[in-house]
Amino acid sequence: MVSDSELKVAVLGLGYIGLPTAAVIARTGVQVLGVDVTQSVVDTVNSGKVHIEEVDLDGLVSGVVARGNLRAATMIEPADVFVIAVPTPFGENHAPNIGYVLQAATTIATVLKAGDVVILESTSPVGTTEKVRDLLSTLRPDLKVPGKSGESADIAIAYCPERVLPGRILVELIDNDRVIGGITPRCARKALAFYRRFVRGACVTTTSRAAEMTKLTENAFRDVNIAFANELSLIADTMGVDVWEVIRLANRHPRVNILSPGPGVGGHCIAVDPWFLVSAAPEQTPLIRTAREVNDGKVAHTVARAIDLIERVPGVPVACLGLAFKANIDDFRESPALKVAADLAALFGDRIRIVEPYADTLPAAFNGTAARLIDIDTAIETCPVMIVLVDHELFKSVPLDERADKLVYDTRGIWPDQPPAVIPKVDLRLAG
Ligand code: SAJ
């Protein structure tokens, strides 16, 4: 096996997964080239900086760039291992779009040589790795590809899904177990040798199709379980029962572990990946499809409940706490909190105040509305109504005596000691 300092790795796509992955590999002493189609991303990385927020990523990137182990470019160069970490969004009717993956494979084909390993990490529909193999075979008929020419293939191709949690990416990249699916067992072994260089978790080999389905299964599992919690919250609402108390109590059962309801499911993974299964097997996926619909429907339900509360106390300022798609991160992609707050801002204008410790300015969704960004202390001082949309630590730490007199709609259950929102008879109208 080549030594760390001789091995050359190219990571295609320098986003939320590609950049941390490139940096972690570079830290082992390997030469890593990060390839991205966006020049500004390449320039940022080459200056030792990052274009995304992730715990400790800035220090790691500046270190590996300074030591010369990580470099970025828009053009591919020859390497020994190619890691594809580009987006796989969905298009019309939730059908997955693997165009960026195939584009990355086309790019790799221009420099591919015998002995190279190509690994797909992007969340992909079952069969995508084989499509990559077929494309490489068409573009490079001079190279024998695996699964078509027996064990004598010139290159190895494998699928190894990322499964890291935003906010813990650098830790989980190292510590999580990895599922490595080869087009052939030999491909899996080649990819395994690569991951063993930087992964401390167990690396388990399988076929590329099983690995592809495993990734989709993990996120569909979580989506279905969150949908169950969200459905419970709808039932509890109609029955006047505190859903958080019910879940706490039910979870005392040794075999029950219910997740948390919220204003919906956001981010680029859980709300997207289950559709890849539904789209591939529509007849076999009524449960997974319904879970998606329940979770998407929770946003409209949250807006309706918030409107009801806000209309009962005319004129008073309302604080929406949080815009991020989940706690303690600055990621607003596909955020249910942002959708709810933007809808309320469009309806109630300058009555809506947004508190988001991870934003300096309001996102574009608020353009044309009179909503404004304030800090948590100002919200406590000026807003009699509070709608909790994200369970940021900053919000959790507000003690009861600072919010006991507020009317609260807590979609995340962060304040279990909050008295029920009884609409006061007195006029709460405040200036501001
Ligand atoms: N959420 C709830 N209730 C819960 C848990 C989550 O409403 O009990 C919401 C969150 O607020 C958020 C959404 O679900 O809006 C998704 O958050 P998450 O923390 O469940 O997951 P992600 O999207 O940050 O990361 C997931 C992870 N997958 C699983 O936990 C199975 C991560 O390990 C994957 O690597 C990532 O998707 C991915 O890239 O696919």
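Structure: see above.
A brief structural summary. If you're wondering where the values come from, they're calculated on a predicted model, not measured in any experiment.

As for the site of the ligand
Now for step 1: For the ligand, the set of nearby residues contains 21 residues, the closest of which are Glu162, Lys215, Arg222, Ser260 and Phe325.
Now for step 2: Within the backbone of Arg163, one N or O atom sits 3.0 Å away from an oxygen atom of the ligand.
Now for step 3: A distance of 2.7 Å separates an oxygen atom of the ligand from a polar atom in the side chain of Asn219.
Now for step 4: Bound to the protein, the ligand loses 88% of the 770 Å² it would expose on its own.
Now for step 5: Top element by residues in the shell around the ligand is helix H8 (residues 208–239). It accounts for 5 residues.
Now for step 6: Class assignment of the residues belonging to the shell around the ligand gives a composition of 9 nonpolar, 4 polar and 8 charged.
Now for step 7: Both domain 1 (8–201) and domain 2 (209–432) contribute no fewer than three residues apiece to the shell around the ligand.

So, the layout of surface pockets
Now for step 1: Considering only enclosed or pocket space, the second largest pocket measures out at about 830 Å³ in volume.
Now for step 2: If you trace the second largest pocket, you find 29 residues lining it, with Asp237, Arg305, Val408, Tyr409 and Asp410 closest to the centre.
Now for step 3: Those elements that provide at least two residues to the lining of the second largest pocket are H8, helix H9 (243–250), helix H11 (286–312) and strand S13 (407–410).
Now for step 4: Counting residues per element, the lining of the second largest pocket draws most heavily on H11, at 6 residues.

Considering the pairing of strand S8 (residues 203–207)
Now for step 1: In the sheet, strand S7 (residues 178–182) pairs with S8 via 5 bridges, with the strands oriented parallel. Bridging from a neighbouring strand, Gly182 pairs with Thr207 of S8.
Now for step 2: Taken together, S7, helix H7 (residues 185–195) and S8 constitute a β-α-β crossover, and its handedness is right-handed.

Analysis parameters
- Here the residue numbers are simple positions, counted from 1 along each chain's written sequence.
- Note on the predicted model: pLDDT of at least 70 is required for a residue's local features to be given, and 80 or more for side-chain atom pairs to be given and counted; whole-chain, interface and lining totals, by contrast, use all residues.
- Remark: hydrogens and water are excluded; side-chain values derive from all non-hydrogen atoms of the structure.
- The near set for a molecule or strand comprises every residue that places at least one heavy atom within 4 Å of it.
- Identification of polar contacts relies on pairs of N or O atoms within 3.5 Å, with a donor-acceptor requirement for protein atoms, meaning one able to donate a hydrogen and the other able to accept it, and with residues adjacent in sequence counted only if both atoms are side-chain atoms.
- Only the protein chains shown count as cover for residues, and all accessible areas are computed by the Shrake-Rupley method using a 1.4 Å probe.
- Numbering of helices and strands runs from the N terminus; a helix is a DSSP stretch of H or I covering at least four residues, while a strand is a stretch of E covering at least two.
- Residues were grouped as follows: Ala, Val, Leu, Ile, Met, Phe, Trp, Tyr, Cys and Pro as nonpolar; Asp, Glu, Lys and Arg as charged; and all remaining residues, including Gly, as polar.
- Here the bounds of each domain stem from an automatic or database domain assignment.
- Residues are called lining when one of their atoms sits within 4 Å of a cavity or pocket point, these points coming from a 1 Å grid over the protein atoms alone, where a cavity is a set in which a 1.4 Å probe fits but cannot get out and a pocket is an open set with protein on both sides within 12 Å along at least five of seven lines.
- Grid points are joined across faces, edges and corners, and a volume is the space filled by probe spheres set on the points.
- One bridge is not enough; two strands pair if DSSP finds at least two bridges between them.
- The handedness rule is simple: strands pointing away from the viewer, and a clockwise path from the first strand over the helix to the second, make the crossover right-handed.

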